[in-house]
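Residue-level structure breakdown
Below, each chain spelled out in residue letters.
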Amino acid sequence: MTDEAVSRLTDHLGFWLRLVSNHVSHGFARKLEGRGVTVAEWVVLRELYGAAPLPPSRLADRMGMTRGAISKLADRLIAKGLVRRADDPLDGRAHKLSLTDDGATLLPDLARLADANDAEFFAGLTATERSVMEGALRRIVAEHGLKDVPVD
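Residues numbered from 1 in each chain as written. Predicted model: local features only at pLDDT ≥ 70, side-chain atom pairs only at ≥ 80, totals over all residues. Heavy atoms only, no water.

**As for a nonpolar patch on the surface**
A grouping of Leu13, Trp16, Leu17, Leu19, Met133, Leu137, Ile140, Val141 and Leu146 is seen on the molecular surface, where their side chains present a nonpolar patch of about 790 Å² in accessible area. Secondary-structure elements contributing two or more residues to the nonpolar patch are helix H1 (13–33) and helix H6 (127–144). (Patch = residues over 30% accessible without salt bridge, like charges linked within 9 Å, V, L, I, M, F, W, Y side chains within 5 Å. Areas by Shrake-Rupley, 256 points an atom, 1.4 Å probe, with all protein chains shown as cover. Salt bridge = Lys/Arg side-chain N within 4 Å of Asp/Glu carboxyl O. Helix = DSSP H or I, 4+ residues; strand = E, 2+ residues; numbered from the N terminus.)

Given below as structure tokens:
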């Protein structure tokens, strides 16, 4: 054994970020379960909300996911009646995804759950603290060019 100091887990900002992130994400996942939707499905629905029909490839690029992963998510959402897949009129080999009426109706309820989840976890922060935290996180995202949408 060496005399070299070994930092504790709690000495790392990443530890605290992960701890909070895990609890925020798991809390949201539990809320969504009651609506029959996963976090990844919620993200797809939110990306499609208010948008023109999108090819799965563009959705994959926006979310930082593989086309295969988007295809699986789309299949699940189609089976739930929340998303439709239609042939692209300009390219018979391609198709586009859009929300069904049920998907568009459900999305505002899911967004309220997301808002409530944020309020629940961050209510103890002042508006200034929240703004400073969000600014610092956005700066880290920009500095590292982070683009993938967190879905798990």
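Following the structure, the description resumes.
**Examining the side chain of glutamate 41**
In this fold, glutamate 41 is placed in helix H2 (residues 39–48). Side-chain polar atoms of glutamate 41 contact the backbone nitrogen of threonine 38, separated by 2.9 Å. If we skip the residues at most four places from it in the chain, glutamate 41 touches Gly36, Leu73, Arg76, Leu77 and Lys80. (Polar contact = N/O pair within 3.5 Å; in protein donor to acceptor, adjacent residues only side chain to side chain. Contact = heavy atoms within 4.5 Å.)

**Quick notes on the environment of leucine 125**
Mapped onto the secondary structure, leucine 125 falls in the loop between helix H5 (101–122) and H6. The exposure class of leucine 125 is partly exposed, given its relative accessible area of 29%. The spatial distance from the C-alpha of leucine 125 to the C-alpha of threonine 38 is 27 Å, given a sequence separation of 87 residues. (Buried < 20%, exposed > 50% of the residue type's maximum accessible area, 1.4 Å probe, protein only.)

**A closer look at the packing of aromatic side chains**
In this structure the tally under the stated criterion is two aromatic pairs. Judged by centre distance (5.7 Å) and plane angle (80 degrees), the rings of phenylalanine 28 and tryptophan 42 are edge-to-face. Highlighted residues: phenylalanine 28 in helix H1 and tryptophan 42 in helix H2, separated in sequence by 14 residues. Taking the relative accessible area as the measure of exposure, phenylalanine 28 reaches 9% and is therefore buried. A relative accessible area of 12% places tryptophan 42 in the buried class. (Phe/Tyr/Trp six-rings, centres within 6.5 Å; stacked < 30°, edge-to-face > 60°.)

**As for the nonpolar core**
Of all hydrophobic cores here, the largest spans 28 residues; its most connected members are Trp42, Val44, Leu45, Leu48, Leu59 and Leu110. Those elements that provide at least two residues to this core are H1, H2, helix H3 (56–63), helix H4 (67–79), strand E2 (91–99) and H5. Looking at which element gives the most residues to this core, the answer is H2, with seven residues. The residues contacting leucine 110, other than those within four sequence positions of it, are Phe28, Leu32, Arg35, Val37, Trp42 and Leu45. (Core = buried A, V, L, I, M, F, W, Y, C linked by side-chain atoms within 4.5 Å.)

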